[in-house]
Amino acid sequence: MLTTTADIDVLARFGRALADPIRCRVLLALREGPGYPAELAEALGVSRPRLSNHLACLRDCGLVVAVPDGRRVRYELADARLGHALDDLRAAVVAVATDPTCPDADAEGCC
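Residues numbered from 1 in each chain as written. Predicted model: local features only at pLDDT ≥ 70, side-chain atom pairs only at ≥ 80, totals over all residues. Heavy atoms only, no water.

**Comments concerning the packing of aromatic side chains**
The condition is simple: Whether two aromatic rings pair depends on their centres lying within 6.5 Å, for rings of Phe, Tyr and Trp, where Trp uses its six-membered ring; planes under 30 degrees apart make the pair stacked, over 60 edge-to-face, and the rest tilted. Ring-over charges, as used throughout, are those where CZ of Arg or NZ of Lys falls within 6 Å of the ring centre and within 35 degrees of the ring normal.
Under the defined criterion, the tally for this structure stands at 0 aromatic pairs. In this structure, R72 is placed above the aromatic ring of Y36, and the distance from its NZ or CZ to the ring centre is 3.7 Å.

**Here's the deal with the packing of helix 2 (residues 21-32) against helix 4 (residues 48-60)**
As a reminder of what qualifies: Lines fitted to C-alpha atoms define the axes, with helix axes restricted to the stretch in contact, and inter-axis angles between N-to-C directions lie between 0 and 180 degrees. Segments assigned H or I by DSSP are reported as helices when at least four residues long, segments assigned E as strands when at least two residues long, and all are numbered from the N terminus. Comment on the angle field: the value is read as roughly parallel under 35 degrees, roughly antiparallel over 145, roughly perpendicular from 65 to 115, and oblique elsewhere. Contacts are assigned to residue pairs that have any heavy atoms within 4.5 Å of one another. Each residue is assigned to one class: nonpolar for Ala, Val, Leu, Ile, Met, Phe, Trp, Tyr, Cys and Pro, charged for Asp, Glu, Lys and Arg, and polar for all the others, Gly among them.
Following both chains from N to C, one finds helix 2 and helix 4 inclined at 75°, their axes separated by 10 Å at the closest point. Looking at the two axes, helix 2 sits roughly perpendicular to helix 4. Contacts from I22, R23, V26 and L27 of helix 2 reach helix 4 at R50, L51, H54, L55, C57 and L58. Of the residues in the contact of helix 2 with helix 4, the class split is 7 nonpolar, 1 polar and 2 charged.

**Looking at helix 3 (residues 37-44)**
Test applied: When accessible area is computed with a 1.4 Å probe and restricted to protein chains, residues below 20% of their type maximum are described as buried, those above 50% as exposed, and intermediate ones as partly exposed. An arc is given here, and it is the one of the directions from the helix axis to the C-beta atoms.
What helix 3 keeps buried is the set L40, A41 and L44. One side of helix 3 carries all its buried residues, which in axial view fall inside an arc of 100°. Opposite the packed face of helix 3, turned more than 90 degrees from it, sit the exposed residues E42 and A43. Elements in contact with the buried residues of helix 3: helix 2 and helix 4. G45 sits one or two residues past helix 3 and shows a positive phi near 70°.

**Here we look at the packing of helix 2 against helix 5 (residues 80-97)**
Definition in use: Each helix crossing is assigned a hand: it is left-handed if the near helix lies turned anticlockwise from the far helix by less than a right angle, otherwise right-handed if that turn is clockwise.
The geometry of helix 2 relative to helix 5 is characterised by a closest axis approach of 9 Å and an angle of 125° between their N-to-C directions. Between helix 2 and helix 5, the crossing angle belongs to the class labelled oblique. The crossing of helix 2 and helix 5 is left-handed. Residues L27, L28 and R31 of helix 2 touch helix 5, and the partners they reach there are G83, L86, D87 and R90. When its residues are assigned to classes, the contact of helix 2 with helix 5 shows 3 nonpolar, 1 polar and 3 charged.

**Some thoughts on the pairing of strand 2 (residues 72-77)**
Working note: regular strand, side chains alternate between the two faces of the sheet. Using the following cut-off: Strands pair, by our definition, only if DSSP identifies at least two bridges between them.
Summarising the sheet, strand 1 (residues 64-69) and strand 2 pair through 6 bridges and their orientation is antiparallel. In the sheet register, V64 faces strand 2, and the bridge partner there is L77. With antiparallel pairing between neighbouring strands as the criterion, strand 1 and strand 2 make up a hairpin whose turn holds 2 residues, including G70 at a positive phi of roughly 70°.

This is the structure we're talking about:
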């Protein structure tokens, strides 16, 4: 299987999006279903301007889309497969991080 530069760029953008805990929380919240910025900000305990910046980043990465809904804008995952990918990725990372045979399982800041 040949990996193209475009594939690598897409994965790198995905990694940058996941590098911030708030963006991770937004993606996980949207995995449950669409959300409005004010409601997401309240649920995540962040200010609306801060959430807006994170939503813009996620839009720019192509992970979420803004859908006009009357006078409001609703956000949702750009593709339903992202929700499944997030579930799989989270399960795999948690399994590795909690594996007692992993030498760095208890290390803080482990990459």
